[in-house]
Amino acid sequence: MASLQRVFGKNSAYWLIGPAAVWLAIFFLFPMLSLLTTSLSDPAGSPIYGYDLTWRLQNYFEAISDYWPYMVRSLIYAGIATLLCLVLGYVLAYAIAFKAGRWKNVMLVLVIAPFFTSFLVRTLSWKLILADNGWLVESLQWLHILGEDGRLLATPFAVVMGLTYNFLPFMILPLYTSLEKIDPRLNEAAADLYSSPWQRFTKVIWPLSIPGVVGGTLLTFIPASGDYINSDLLGNPNTQMVGNKIQTLFTDASDYPHAAALSVILMVLIVGMVLFYVRRAGTEDLL
Amino acid sequence: MSLADGVRGDLKLTGLHKRYPNGFVAVQSLDLVIPQGSFFALLGPSGCGKTTTLRMVAGLEDVTKGSIHIGEQDITTAKPYKRPVNTVFQNYALFPHLTIAENVAFGPKRRGVKDPKGSVKEILALTELTEQANKKPAQLSGGQQQRVALARALINRPDVLLLDEPLGALDLKLRRAMQIELKRIQEEVGLTFVHVTHDQEEAMTMADTVAVMNEGRIEQLGAPYELYTNPHTTFVANFLGRTNLIKGTVLGREGSGADEVVKVDMHGTVASIKASRVHTDAKEGWVGIRPEKVLIQPEGQAIDAPGAALSGAVVVDVSYIGVSTDYVLRMPWGQEITCFEQNTGRRGGLIPVGTKVDVSWRPEFAFLLDSAQDAEAGIVEED
Amino acid sequence: MSEVPQEEEQKKGVSRRGLIIGGGVAAAGVAGFALLNRGGGGNAAGDCVTTDLSDTEATLNMSNWPEYVDEDDGDYVSTLTTFEQETGIDVTYTPDVNDNVEFFAKVRNQLGACQPTGRDMFVLTDWMAARMIDAGWIQKLDKANIPNVDKNLISSLQGVGWDPNREYSAPWQSGFTGIAYNKSLVGEVATMDELLTRSDLKGKITLLTEMRDTMGLMLLAEGADPANFTSDQWGNALEKLSKARTDGQVRAFTGNEYVNDLAAGNIAACVAWSGDVAAAEDENLVFLPPEEGMMIWSDNMIVPVQGMHKTNAEKLIDFYYDPVQAAKLAAYVWYVCPVEGAQAEMEKIDPSLVDNPLIFPTADFLASTHNFMALSEADAAKYEQEFADVIG
């Protein structure tokens, strides 16, 4: 603030902050209030005639007791997907940062290339790849990796795979940024100081890449745990995540209060987990 | 405190050769023995292969041909982390996420030392870093970081400590101080130090032995005094300080044994050069003389030198530096030579520009180099 | 709200007082927001009807289900193009109704707040059309502008319970809900019980997210009448569905997209709408009525109160009630044609379809079909929630 004032004069700092503040007020605060209001309303109302705000906290308890398995499933799927993204993304980001040489930029463009097509289309194309009569399933059956009746589509595997695929770039980019900042001579210094390749990784590269790991896992885990597209397109009714449940409650069941309560719970849960995680990782300054 | 215990041995490089995949040959058939416990400097301009040599010793660069031994142990292909060698990196490469104490304890921990606290304390005291033990590298000054890098390597009591331009990032004053400091520490711990630098003054101040490298080869190896006063090539002559090189024709030899001299005609004046300082067999040669060995006197006044005086030189430039004065003289044949004169006060002033002067030097200071060599080789661009 | 402060309280640096103030501000915000945002429904509707701009703007925005209209193809000129040529009205036809409730969620906020949805006409299934008319969100049609409807609407669809005089709606097509299977993958699937329990179909079937379609067939399989069932019967049917789902028999609950999965072999059988299967033009796909009976329904053209081109919409309705156009459409989409006289016209287009009961059902055929009970708003909400809990 002080420096802004110095540059732009006494009141202009407010002008500079203004547009973003207004934007947030309209597109964050307002929907949040709407969500909170709905979540505390009487579910006896209907989407047509509206809901009465009765400060009904039971909505929250009911949402938890009825839908906790979806919550747990979401966290598990998102957790596995995040872990897979971390392993795959780390190797790739490491390769790009230290081994890619002049191909660095090309590889980075390839990493973000999927963003040039829509999320939905990319996920739908996986339906084709994983289809029961598709080449992939048939090859795996031929190799006896999958049984005769085995399938990939509409399984938890497909959902986790879809999540991993869709959120991988969000893992790679922060990892790359933080790996790229590491002086390669630190690796040499560690080698010089009696570190085996594995020790070089665990004692030097990994600790120095923690900011990227934290950023990447957050950017992957948060949207993955709220995602419903992957489960919707690649899963089955028994792989539904909390996002699907919220969607069903809003659309099919027209039960807005419980849907809103579930959304708020998910949000609070994720914020809580993120705070805990970031604290443990000692990277508060990231937030 | 002495870290050098037990039998170690000399560092021996035999036919060491490095060729990069792109075809560039950085080091050509290098043979070198660095005695245990010595402070050895590899001196040369950038790209001369000195750093590549160092990295091959450290194991950070593969050896194309040749071998590296420490004592009897062949470490040519050993993994870097299995060599009894440690490096002080240019810009130090300190681990930014670790405290100073943790940085220093890094090596011992990897080697399985259970509780390195004692030795860490000791080495931090040696390098005057006790106060900084719990700080992170970023909180330290350049000189302190340099000492951390040193401590981090020294604590491992390596057979050979490699220093890659360790003082390059420091300002001049600090660099001077650290030169003395490094020398002190080396004497205290008694380990073999191999110091890579492009700074001839730094190499000469610190090292027992200096190897001057150029284009992947060693041009000359020896004690600093020997290298400076009796360079074998124009490159060494120029790279280690400044030199006047005057074209001369060899007339013949006189005397024998230690008194043998070679007579050289320089544009009509005959000079005598000790045979041990003659490094060419050709008819032509460069007569080399360091500027501070050049004596001048206004025409007609006596010069305190037994050799033949060159007359007819004119002072074209005078730079008064305080402790000394630099004169640029134009010789009768057009060449300009330099003379550094100590301001002892005897002259009682400066010789003004335009004064005709006689030029001479004590014959034992001149040397004769191969005239086929470039007179400009090894001249360092002022940066 | 209550969770937030509890968690936050344990943090350093956030004072209890700050939290109380923060909580108070949030609560005040919620209360204020609720006041601003009250109601939204029905009562406001009467005075919400917008001015008709049809005189000055020759456009029409229409939302319909996917695969529900014929398309230009080579020399073939579609009914929609014919309409545009004849009337000069530019029709923006969007197939964005995949599911009644989903579409409802899309437009409810605007309709409730008396805001335009950008659409002049929707095509929605009976019960949803009924719900919207009941909410006062739908404009009355001007009978004078749609003489063909009065003249040609088949008798079985005249005067439905929710719109006795067809003042608000006109059927687009009717259809049946039954079973479809891919005969290249499995043998005939004759009943809902087979569909839900046969082991060769495990993980290979889909059901519809439309509660009335799926549950209608489930109730029939239960021996109940979908038009008049008890809550016990509902409970049993739902129980059976839930079991099939938990057992992994059901691969997904879907909207219109099941056809692709059926053709691709990702599913072997499903609950399906009659016309979709025929329109897929895949000889392996078979639609059949389950032995216990089928559901029948209609999708209806309705004009929302904020639809700004009502007269244009009426022109389109009247156009499609011309037997010539109706036959042409029916021959393409293979759904039940609601237009009298279309059967005679079909003779000229494709004689093989004249006696197809899926397009021109006979009285006998219709006897085996069932409607879903009209539900009160409260019952509908209850059943929909229970159904949603099972499928999602």
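Residues numbered from 1 in each chain as written. Chains lettered and ligands numbered in written order. Predicted model: local features only at pLDDT ≥ 70, side-chain atom pairs only at ≥ 80, totals over all residues. Heavy atoms only, no water.

As named in an unreviewed UniProt entry, chain C is Spermidine/putrescine ABC transporter substrate-binding protein, taken from Demequina zhanjiangensis. The Subcellular location (unreviewed entry) field of the UniProt record for chain C holds the comment "Periplasm". (UniProt positions renumbered as here; feature names shortened; annotations may be inferred.)

With an unreviewed UniProt entry as reference, chain B is termed ABC transporter ATP-binding protein, source organism Demequina zhanjiangensis.

## Concerning the sheet that holds strand β13 (residues 269-274) of chain B
Either a parallel or an antiparallel arrangement is found when strands of a sheet pair, and the pairing is made through backbone hydrogen bonds. Residues and elements named next belong to chain B. The strand order across the open sheet built from five strands is β13-β12-β11-β14-β20, with neighbouring strands paired in antiparallel fashion. Since the sheet does not close on itself, it has two edges, and those belong to β13 and β20 (367-370), each with one partner. Taking the axes of each pair of neighbouring strands and ignoring which way they run, one obtains an average angle of 45 degrees across the sheet. In this structure, strand β14 (residues 284-289) lies alongside β20, joined through four bridges in antiparallel fashion. Bridging from a neighbouring strand, Val287 pairs with Leu368 of β20. (Pairing = 2+ DSSP bridges. Helix = DSSP H or I, 4+ residues; strand = E, 2+ residues; numbered from the N terminus. Axes fitted to C-alpha atoms, helices over the stretch in contact; angles between N-to-C directions.)

## Things to note about the interface of chain A and chain B
Across the boundary between the two partners, chain A contributes 18 residues, which contact 23 residues of chain B. For the pair chain A and chain B, the summed buried area comes to about 1900 Å², and 62% of that belongs to carbon and sulfur atoms. It is Asp192(A), Leu193(A) and Tyr194(A) that lose the most area in chain A upon contact with chain B, and together they represent 40% of the buried surface on that side. Applying the counting criterion to the chain A and chain B interface returns seven residue pairs in polar contact (both at pLDDT 80 or more). Only α8 (184-192) and α9 (197-226) of chain A provide two or more residues apiece to the side of chain A that touches chain B. Class assignment of the residues belonging to the side of chain A that touches chain B gives a composition of ten nonpolar, three polar and five charged. (Contact = heavy atoms within 4.5 Å. Buried area = accessible area lost by both parts, 1.4 Å probe. Polar contact = N/O pair within 3.5 Å; in protein donor to acceptor, adjacent residues only side chain to side chain. Nonpolar A, V, L, I, M, F, W, Y, C, P; charged D, E, K, R; others polar.)

## Things to note about the interface of chain C and chain A
With 50 residues of chain C at the contact, the number on the chain A side is 41 residues. Roughly 3800 Å² of surface becomes buried between chain C and chain A when both sides are summed, with 56% attributable to carbon and sulfur atoms. Looking at the side of chain C facing chain A, the largest losses of area belong to Val30(C), Phe33(C) and Arg251(C), adding up to 17% of the total buried there. For the salt bridge of Asp132(A) with Lys204(C), the shortest nitrogen-to-oxygen distance reads 2.7 Å. Element by element, the count of residues in the side of chain C that touches chain A is highest for helix α2 (residues 16-36) of chain C, at seven residues. Classifying every residue of the side of chain C that touches chain A gives 20 nonpolar, 14 polar and 16 charged. (Salt bridge = Lys/Arg side-chain N within 4 Å of Asp/Glu carboxyl O.)

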